[in-house]
Amino acid sequence: MDPSATQSEETNEVPVISEHIEVTPGVCGGKPRIAGRRIRVEDIVLSHQRIGMSPDEIVSAYPTITLSDVYATLAYYHDHQAEIDAHIRETDEFDAELRKQGPSILEKIAARNANSNSLVPGFND
């Protein structure tokens, strides 16, 4: 056996996390994501923790990923929890600041449409 071989080469171990998770500068803000996809680790974590989706439900919501991707993502999260939680907090704080500035364009359009629809006779009957 080659003395320069690594432990992984000797035992044929596959680095599971790196098979499923990648970080590429300029893609998804350089945040960790599912390999070959634009689905960030934090997207899966938020679906699981905040919305309460099971791994199977996450796969149903993101049909281009596998159950192995979801579990590898959650494992990656637990290995890098402080860093990912910090990203999530930053995003939450940014969203809160934007909300303080007033309604978003989508909220304005929805409100305008709601007002328009209530003015049309028979529309809400």
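Everything here concerns the structure above.
Residues numbered from 1 in each chain as written. Predicted model: local features only at pLDDT ≥ 70, side-chain atom pairs only at ≥ 80, totals over all residues. Heavy atoms only, no water.

Visitor: Would you take a moment to explain the pattern of salt bridges for this structure?
Guide: Pairs can form between side chains of opposite charge whenever their charged atoms are close. Applying the stated criterion across every chain yields a total of 6 salt bridges. In this structure, Asp92 engages Arg50 in a salt bridge whose closest nitrogen and oxygen atoms are separated by 2.5 Å. Placement of the pair is Asp92 in helix 6 (residues 81-100) and Arg50 in the loop between helix 3 (41-49) and helix 4 (55-61), with a sequence separation of 42 residues. For Asp92, a relative accessible area of 30% gives the class partly exposed. For Arg50, a relative accessible area of 53% puts it in the exposed group. A network of salt bridges, in which partner residues are shared, links Lys31, Arg40, Glu42 and Asp43. (Salt bridge = Lys/Arg side-chain N within 4 Å of Asp/Glu carboxyl O. Helix = DSSP H or I, 4+ residues; strand = E, 2+ residues; numbered from the N terminus. Buried < 20%, exposed > 50% of the residue type's maximum accessible area, 1.4 Å probe, protein only.)

Visitor: How should the nonpolar core be read in this particular structure?
Guide: Soluble, globular proteins show a tendency: their nonpolar side chains are buried together. Membership of the largest hydrophobic core comes to 15 residues, with the highest contact counts inside it found for Val41, Ile44, Val45, Ile58, Ile65, Val70 and Ile84. Listed by contribution, the elements that provide at least two residues to this core are helix 3, helix 5 (67-79) and helix 6. Broken down by element, the residue count for this core peaks at 4 residues, all from helix 5. With residues up to four places along the chain from it excluded, the contact list for Val41 reads Ile21, Pro32, Arg33, Thr73, Tyr76, Tyr77 and Ile84. (Core = buried A, V, L, I, M, F, W, Y, C linked by side-chain atoms within 4.5 Å. Contact = heavy atoms within 4.5 Å.)

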